[in-house]
Structures are given as C-alpha cells and as structure tokens.
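# Examining the three-dimensional arrangement
Here is what each chain is made of, one letter per residue.
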Amino acid sequence: MSEPLPTTTVAAALQQARQLGLDRLDAQILLSTALQRPRSWLLSHDQDALPPELADQFMAWAQRRAQGEPLAYLLGDKEFYGLTLRVSPDVLIPRPDTETLVDWALALIPTEPGFKVLDLGTGSGAIALALQHQRLQAQVTAVDACPAALAIAQANAQQLALPVENLQGSWFEPLAGRHFDLIVSNPPYIAENDEHMPALRFEPEQALTSGVDGLDDLRLIIAKAPLHLNAGGWLLLEHGHDQAAAVSSLLKMHGFGQVSTRLDLGGNPRCTGGKT
Ligand code: GLN
C-alpha cells in the first residue's frame, strides 16, 4: 500500500510562509492570488487542502518574497492613483509618494481640451496614465529611454484604453520642436552610492540613480525644459527628501518663477516646481 500524498491546508501554507519571515498580509495576498480567490475566502477555508501545484507555486513565491523581491513584481501589478498598472522588473514600482506630483499636476490641468502634458521617464506609465485618466481632454505624451519600460507603459495604456502618446528616447530627444503646457517627471534621483540602494536591488538601477549626488538627470531636465515649454508653462519634479533646495535653485537659475515645494505623505519635501 502506498502512503497517501501529504496535503497542505490553507492554514499550514500560511504558517510556513510566516516561518520564512513573510508578513501576514503579504502571505495572504500571495496565496489568494495563487488560488484566484478573494483574501476573505482564506479565512473561512483555512482547513481546505491546497492542490499540490498551487501549494508549490505559493511556496516558490513565498521564498522569493522572503529574499526581498517586491510583492508588486511577484504579482505583476501595482495600484497607483486608483488604476491597476502592470509592472515588471524593467520599471520602477509606482510609489504612493508620487501621488503628490499627480495631485499638483491635476490642479494645473484645465478640464478644457488642448492642454499639452509631457511625462519624462514614464516607466510603467503611472504618472501619464493617472493624469490622462483624470483629464481625458488633455493631450498627454510620455517618454522613456528604455524600450522594455515603454512596452509596459504602452500595454498599460492599451489595457486602460487611455490615449497617451508613448515615445522612446532619452528625455527630450524624441521631442525636437515640440512644446507643452506642463512637464512632469519622477526621474532617477538617488546618489550612486546611497546606502538605500541595496534595499532597492530588484528595481532597475537606471530608474533610480543619477550620478554622485543624484542630481544629474534633474539638472539636465531643468536646463532643457524651457526649450519645450509654452509661455506660462509649468515644470514639476519629484526629487529626494534632501534635494528641494538644490532643485529650487536650479529652477530659479534657469528662469523659472513661482518656485515652490510640496510634501509627500510622509511629510518629506518631495516635489518642486516652477513656472516659465
Ligand atoms: N522614491 C524612490 C525611492 O526612494 C526613488 C524613485 C526615483 O529615484 N525616482 O525608493
């Protein structure tokens, strides 16, 4: 007589994941995703046996999560400004802090048609898509240097049926002769040797670091933006918690007025912008 195959219950699988060091919530999200059930279902079915292939998939995910891989990359999506966006390791995972930039931009975009918005370094398309979703009459253009990232941005635009124009190139490269009413960007802004980089090792380094002080791309964007802004146009930039003073003085140096800074959800100076 052969031994019955060992079975894993919902409760036992969650317990194993906890022993690997996973958060309770992360473990529940991964298991409910593997089972294609709502998280609430787990609670009322904790003694149900798991099909072995699903138990294996869940444990493989749990091990990757325990090694530090972000939940968004395991699930393949992330919520941002009320939209579900596809993400992969080719793009930065959209952060709630960036909603500060979206809120500020929305306050500047009229509801009438014709207003031209540019998102530089769009990654997953998060900022451009959030703006287009809130202001369907605006003409939103998004640029990214990385073809793999741009493919994700395009897939997200298609999935959400939002008419964002996606262009490949480095910063203003694909925009010769074009002008906008508002330019927004969450560029890489972390210093190359920043102590936080190991914690961000699963995300694309080119989306995170920018020279020894983290300001290389911000400097380039601020220097070139005036050539692509209509009179009275705005430039809004996300930056590191300790870069507001540097970004403000760069903006003033390049002729921007009404320069001001906004705080993120954690109370850190996170976005600085000005008007041409
Ligand atoms: N806000 C991100 C972080 O600190 C960095 C994003 C960026 O460099 N644009 O994790």
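This report concerns the structure included in the present document. (Residues numbered from 1 in each chain as written. Predicted model: local features only at pLDDT ≥ 70, side-chain atom pairs only at ≥ 80, totals over all residues. Heavy atoms only, no water.)

### Focus: the overall build of the chain
- Each helix and strand in the chain was counted, giving ten helices and nine strands.
- With 276 residues in all, the chain has 48% of them scored as buried.
- In the chain, once contacts between residues fewer than 6 apart in sequence are set aside, the share between residues at least 24 apart is 63%.
- Carbon and sulfur atoms make up 51% of the accessible area of the chain, which amounts to about 13,400 Å² in all. (Helix = DSSP H or I, 4+ residues; strand = E, 2+ residues; numbered from the N terminus. Buried < 20%, exposed > 50% of the residue type's maximum accessible area, 1.4 Å probe, protein only. Contact = heavy atoms within 4.5 Å. Areas by Shrake-Rupley, 256 points an atom, 1.4 Å probe, with all protein chains shown as cover.)

### What to know about the layout of surface pockets
- Of the voids in this model, the largest pocket is the one considered here, and its volume is about 660 Å³.
- Taken together, 25 residues line the largest pocket, and the ones lying closest to its centre are Tyr 189, Ile 190, His 196, Leu 200 and Arg 270.
- Across the lining of the largest pocket, the residue classes break down as twelve nonpolar, five polar and eight charged.
- The computed volume of the second largest pocket comes to approximately 420 Å³.
- Taken together, 28 residues line the second largest pocket, and the ones lying closest to its centre are Gly 121, Thr 122, Gly 123, Asp 144 and Ala 207.
- Looking at the lining of the second largest pocket, the elements that each hand over two or more residues are helix H7 (126–134) and strand E4 (139–144). (1 Å grid on protein atoms, 1.4 Å probe; cavity = no way out; pocket = protein on both sides within 12 Å on 5 of 7 lines; lining within 4 Å. Points joined across faces, edges and corners; volume = space filled by probe spheres on them. Nonpolar A, V, L, I, M, F, W, Y, C, P; charged D, E, K, R; others polar.)

### Observations concerning the site of the ligand
- Close contacts around the ligand come from Leu 92, Arg 95, Asn 186, Pro 187, Pro 188, Tyr 189, Ile 190, Leu 200, Ala 207, Leu 208 and Glu 238, and that covers them all.
- In the model, a nitrogen atom of the ligand is placed 2.7 Å from a nitrogen or oxygen of the Asn 186 side chain.
- Relative to its unbound accessible surface of 300 Å², the ligand loses 85% to contact with the protein.
- Because more than half of its atoms lie within 2 Å of the grid, the ligand is assigned to the largest pocket. (Near = heavy atom within 4 Å. Polar contact = N/O pair within 3.5 Å; in protein donor to acceptor, adjacent residues only side chain to side chain. Sits in = over half its atoms within 2 Å of the grid points.)

### Notes on the sheet that holds strand E3 (residues 116–120)
- Reading across from one edge, E5-E4-E3-E6-E7-E9-E8 is the order of the seven strands in this open sheet, with mixed pairing throughout. Lying at the two open borders of the sheet, with one neighbouring strand each, are strand E5 (165–168) and strand E8 (257–263). Across the sheet, the axes of successive neighbouring strands diverge by a mean angle of 15°, strand direction being ignored.
- Relative to E4, E3 runs parallel, the two sharing five bridges. The residue bridging Lys 116 from the neighbouring strand is Gln 139, located in E4. (Pairing = 2+ DSSP bridges. Axes fitted to C-alpha atoms, helices over the stretch in contact; angles between N-to-C directions.)

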